[in-house]
Amino acid sequence: MLSNCTKNLLNLKTDILNQKSGNLYEAGGKYWDNKNYDLALKEYLKIPNKTPEVIEAIASCYLELNDTANARKYYNELLAKNSANKSALMGVAGSFYKDGNLTNSISYCNKILS
């Protein structure tokens, strides 16, 4: 059984991590808005508790930086949790398109439509 003091410390730690995550996400968003995907990615990767929104932001940065393998890695992480995630499906389709793999790109586009 945790003491009240321990519970309070754990809650405080959670609050600090959430605030840090929010600040890093906001900073990454500002870099993203200025098309500075490299710096946006660095901020997003620092976030300790990666929500689906953060994972998608990371994947999108990798896609904009033409690192299609890493983009797919993060989009597939989203798809593992929700195979109907249209944004992730579109990201994977886009990554295959950038690689010149039209067959796989079309396959993922068809998943979006089905």
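Residues numbered from 1 in each chain as written. Predicted model: local features only at pLDDT ≥ 70, side-chain atom pairs only at ≥ 80, totals over all residues. Heavy atoms only, no water.

Colleague: Please explain unusual backbone geometry as it appears in this structure.
Modeller: Trans is the common state for peptide bonds, and a negative phi is the common state for residues other than glycine. Positive phi, normally seen in glycine, also occurs at lysine 35, with a value near 60 degrees. By the element assignment, lysine 35 lies in the loop between α1 (4-33) and α2 (37-46). Assessed through its relative accessible area of 61%, lysine 35 is described here as exposed. A positive phi is found at asparagine 66, a non-glycine position, where the angle reads about 65 degrees. Tracing the sequence through the fold places asparagine 66 in the loop between α3 (52-64) and α4 (68-81). (Helix = DSSP H or I, 4+ residues; strand = E, 2+ residues; numbered from the N terminus. Buried < 20%, exposed > 50% of the residue type's maximum accessible area, 1.4 Å probe, protein only.)

Colleague: When you look at α4 in this model, what are you seeing that I'm missing?
Modeller: For an α-helix, the turn length of 3.6 residues means that residues three or four places apart are oriented alike. End to end, α4 covers 20 Å across 14 residues, agreeing with the expected 20 Å (1.5 Å per residue, within 8%). Within α4, the full set of buried residues consists of Thr68, Ala71, Arg72, Tyr74, Tyr75, Leu78 and Leu79. Contacts made by the buried residues of α4 are with α2, α3, α5 (86-98) and α6 (102-113). (Expected span 1.5 Å × (residues − 1). Contact = heavy atoms within 4.5 Å.)

Colleague: Is there a simple way to think about the side chain of serine 95 in this case?
Modeller: With respect to the secondary-structure elements, serine 95 resides in helix α5. For serine 95, the residues in contact, after removing those within four places along its chain, are Leu63, Thr68 and Arg72.

Colleague: What exactly am I supposed to notice about the side chain of serine 60 here?
Modeller: Checked against the element boundaries, serine 60 lands in helix α3. Serine 60 sits in the buried class, given a relative accessible area of 17%. Setting aside anything within four residues of it in sequence, one finds serine 60 in contact with Trp32 and Tyr75.

Colleague: Just checking my understanding: could you explain the confidence of the model for the protein chain for this structure?
Modeller: Caution applies to low-pLDDT regions: their predicted coordinates should not be interpreted in detail. Mean pLDDT over the protein chain stands at 87; residues scoring 70 or higher make up 82%. Within the protein chain, the element-level pLDDT minimum falls on α1, averaging 67, and the maximum on α4, averaging 97. (pLDDT = per-residue confidence, 0-100.)

Colleague: Hey, could you run me through the packing of aromatic side chains in this one?
Modeller: Geometrically, a pair of aromatic rings is defined through the distance of the ring centres and the angle of the planes. Overall, the coordinates contain four aromatic pairs when judged by the stated rule. With centroids separated by 5.5 Å and ring planes inclined at 45 degrees, the aromatic side chains of tyrosine 25 and tyrosine 44 adopt a geometry described as tilted. Highlighted residues: tyrosine 25 in helix α1 and tyrosine 44 in helix α2, separated in sequence by 19 residues. By relative accessible area, which is 35% here, tyrosine 25 ends up partly exposed. The exposure class assigned to tyrosine 44 is buried, which follows from its relative accessible area of 4%. Each ring, one from tryptophan 32 and one from tyrosine 37, has its centre 4.7 Å from the other, and the planes form 65 degrees; the classification is edge-to-face. Residue tryptophan 32 is classed as partly exposed on the basis of its relative accessible area of 28%. Among the residues examined, tyrosine 37 registers a relative accessible area of 14% and is labelled buried. A cation over a ring is seen here: arginine 72 above phenylalanine 96, with NZ or CZ 4.3 Å from the ring centre. (Phe/Tyr/Trp six-rings, centres within 6.5 Å; stacked < 30°, edge-to-face > 60°. Lys NZ or Arg CZ within 6 Å of the ring centre and 35° of its normal.)

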